[in-house]
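For reference, the chains in residue letters:
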Amino acid sequence: MEPIIEVQNLGKSYRKRRSKEMIHAVNGITFTVNKGEILGLLGPNGAGKTTTIKMNCGLLIPDTGTIMVNGINSKKKRLAALKHISAVLEGNRNLYWRLSVRENLEYFAGNRGVSRRNSAEKVDDLLGKFNLKEKENELVNRLSRGMQQKLAIAVAMLADSDVILLDEPTLGLDVETGYEVRELLREIARDYQRTIIISSHDMDVVQDLCERTVIVNKGKIVTDDKVDNLLRLFEVRAYTIKLGGLLTDQQQQLLKGKFPLHEYIPDTAQSLLEIELAKSEEIYELFDILQLEHTPVEAIDRKTVNFEQIFMQIVREEYKHELA
Ligand SMILES: Nc1ncnc2c1ncn2[C@@H]1O[C@H](COP(=O)(O)OP(=O)(O)OP(=O)(O)O)[C@@H](O)[C@H]1O
Ligand SMILES: [Mg+2]
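Here we summarise the structure given alongside this text. What you see is a predicted model, and the numbers here were worked out from it, not measured in a lab.

**A word on the site of ligand 1**
Ligand 1 sits among Tyr14, Ile23, Ala25, Gly43, Asn45, Gly46, Ala47, Gly48, Lys49, Thr50 and Thr51. Taken together, the elements giving at least two residues each to the shell around ligand 1 come down to strand 2 (22-34) and helix 1 (49-56). At three residues, the largest contribution of residues to the shell around ligand 1 is made by helix 1.

Listed below in structure tokens is the structure:
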């Protein structure tokens, strides 16, 4: 794996208004992003995500630390480093509201040094890919929020930069458009081999799109891991079992002895058993107890964890650490 972004001990503080107090928005962050990776930058409000993204795309100068982009130190060779990066920030600030969709794309293509001949082809390609062909002559300020967001991402694609940074790309989008934007980002990473860093509150985006996530809280990294690893780590072995009848007293005694974490809701027609296993293999012992009386099993559901629960748990644990 080849790193494309290497962030080392990055820090940025802001001075609070009307007081001398400093806010350490980003407080010594170190992480690496590999070529072609989709990285999720997660964290609660005020964690430092936007500040981190803005430092990476050159909109904010860090107080401390270094950012290497494709091996180029962004402090020493700012323009050379920034050539590799495009960013889509919150609020679509990278669009001209009084120009049409096509005009925006053409303008920014020129701006990024795309030749006239290549520009037309590229603009058409992006209009098609982002499903904006029908709206090509519409002014940006008449577009829906979702279409503006798609156009903002299309504009970021124009420069052919290796890395695309997106701050909250699905914020304020309806479910369907949010899904469409997710699909587009996935395609961009796959078909154009771009490296993507996404800051988001939307855990579906992270679970669905990102291979790895860096979770920040109060300006520091609390977790840097593969999403799959986190899902596995936090996977609970909790099952809900529907039984087609009652358990006998003897079965209930056995359950109590073997599975302290269970709840039994008796019902002559359909009892419910909610049970947490310490190891997956314990399911066989559970079935032995059910088999004693040939208790019919009608359904088994494994409780799944989603990324949102994991995220909440990680952030909550952090707070506990701080209080301790
Ligand atoms: N221009 C600024 N002046 C002063 N303080 C700022 C400024 N920008 C951000 N901050 C503070 O820095 C901290 C980190 O802010 P940042 O916007 O990076 O967080 P975030 O993770 O993007 O949050 P959100 O999820 O709400 O977008 C917050 O405490 C915020 O209030
Ligand atoms: Mg933010």
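**Overview of helix 1**
Counted residue by residue, helix 1 has seven buried out of eight residues, so it is predominantly covered. Listing the buried residues of helix 1 in full gives Lys49, Thr51, Thr52, Ile53, Lys54, Met55 and Asn56.

**Some words on the sheet that holds strand 7 (residues 163-167)**
Ordered by their spatial adjacency, six strands build an open sheet running 6-7-8-3-9-10, and the pairing between neighbours is mixed. Of all strands in the sheet, those bounded by a partner on one side alone are strand 6 (85-88) and strand 10 (220-226). Between one strand and the next, the sheet's axes are offset by a mean angle of 15°, whatever the strand orientation. Across four bridges, strand 3 (residues 38-42) lies against strand 9 (residues 212-217) in parallel orientation. When the sheet's bridge partners are listed, Gly40 is paired in strand 9 with Thr213.

**Points about the nonpolar core**
If you look at soluble globular proteins, the nonpolar side chains tend to sit buried side by side. In terms of nonpolar packing, the biggest core is built from 65 residues, with Leu105, Val155, Leu165 and Ile198 touching the most fellow members. A per-element tally of this core places helix 5 (residues 145-158) first, with eight residues. Sequence-distant contacts of Leu105, defined by excluding residues within four places in its chain, comprise Val123, Leu126, Ala154, Val155 and Leu158.

**A closer look at the sheet that holds strand 13 (residues 271-276)**
Taken in spatial order, the four strands line up as 12-13-11-14 in an open sheet, and their pairing is antiparallel. The open sheet has two edge strands with one neighbour each: strand 12 (262-265) and strand 14 (297-302). In this sheet, adjacent strand axes meet at a mean angle of 10° when their direction is disregarded. With four bridges connecting them, strand 12 and strand 13 associate as antiparallel partners. Residue pairing for strand 13: Glu263 is matched across the bridge by Glu274.

**So, the pairing of strand 2**
The pairing of strand 1 (residues 3-15) with strand 2 spans 10 bridges and is antiparallel. Bridging across to strand 2, Ser13 finds its partner in His24.

**Brief notes about the packing of helix 3 (residues 101-111) against helix 5**
Contact geometry for helix 3 and helix 5: axes closest at 9 Å, N-to-C directions at 25°. Judged by the inter-axis angle, helix 3 sits roughly parallel to helix 5. Between helix 3 and helix 5 the crossing geometry is right-handed. Residues Val101, Asn104, Leu105, Phe108 and Ala109 of helix 3 lie in contact with helix 5, whose contacting residues are Leu151, Ala154, Val155 and Leu158. Across the contact of helix 3 with helix 5, the residue classes break down as eight nonpolar, one polar and no charged.

**Things to note about unusual backbone geometry**
Despite not being glycine, Asn9 shows a phi value in the positive range, around 50°. By secondary structure assignment, the location of Asn9 is in strand 1. By the C-beta count within 10 Å, which is 12 here, Asn9 ends up exposed. If you check the backbone angles, Asp160 has positive phi at about 55° while not being a glycine. Its place among the elements puts Asp160 in the loop between helix 5 and strand 7. When the 15 C-beta atoms within 10 Å are taken as the criterion, Asp160 is described as partly exposed.

About the criteria used
- Residues numbered from 1 in each chain as written.
- Chains lettered and ligands numbered in written order.
- Predicted model: local features only at pLDDT ≥ 70, side-chain atom pairs only at ≥ 80, totals over all residues.
- Near = placed C-beta within 6 Å.
- Helix = DSSP H or I, 4+ residues; strand = E, 2+ residues; numbered from the N terminus.
- Buried ≥ 20, exposed ≤ 12 C-beta atoms within 10 Å, placed from the backbone.
- Pairing = 2+ DSSP bridges.
- Axes fitted to C-alpha atoms, helices over the stretch in contact; angles between N-to-C directions.
- Core = buried A, V, L, I, M, F, W, Y, C linked by C-beta atoms within 7 Å.
- Contact = placed C-beta atoms within 7 Å.
- Parallel < 35°, antiparallel > 145°, perpendicular 65-115°, else oblique.
- Left-handed = near helix turned anticlockwise from the far one by under 90°.
- Nonpolar A, V, L, I, M, F, W, Y, C, P; charged D, E, K, R; others polar.

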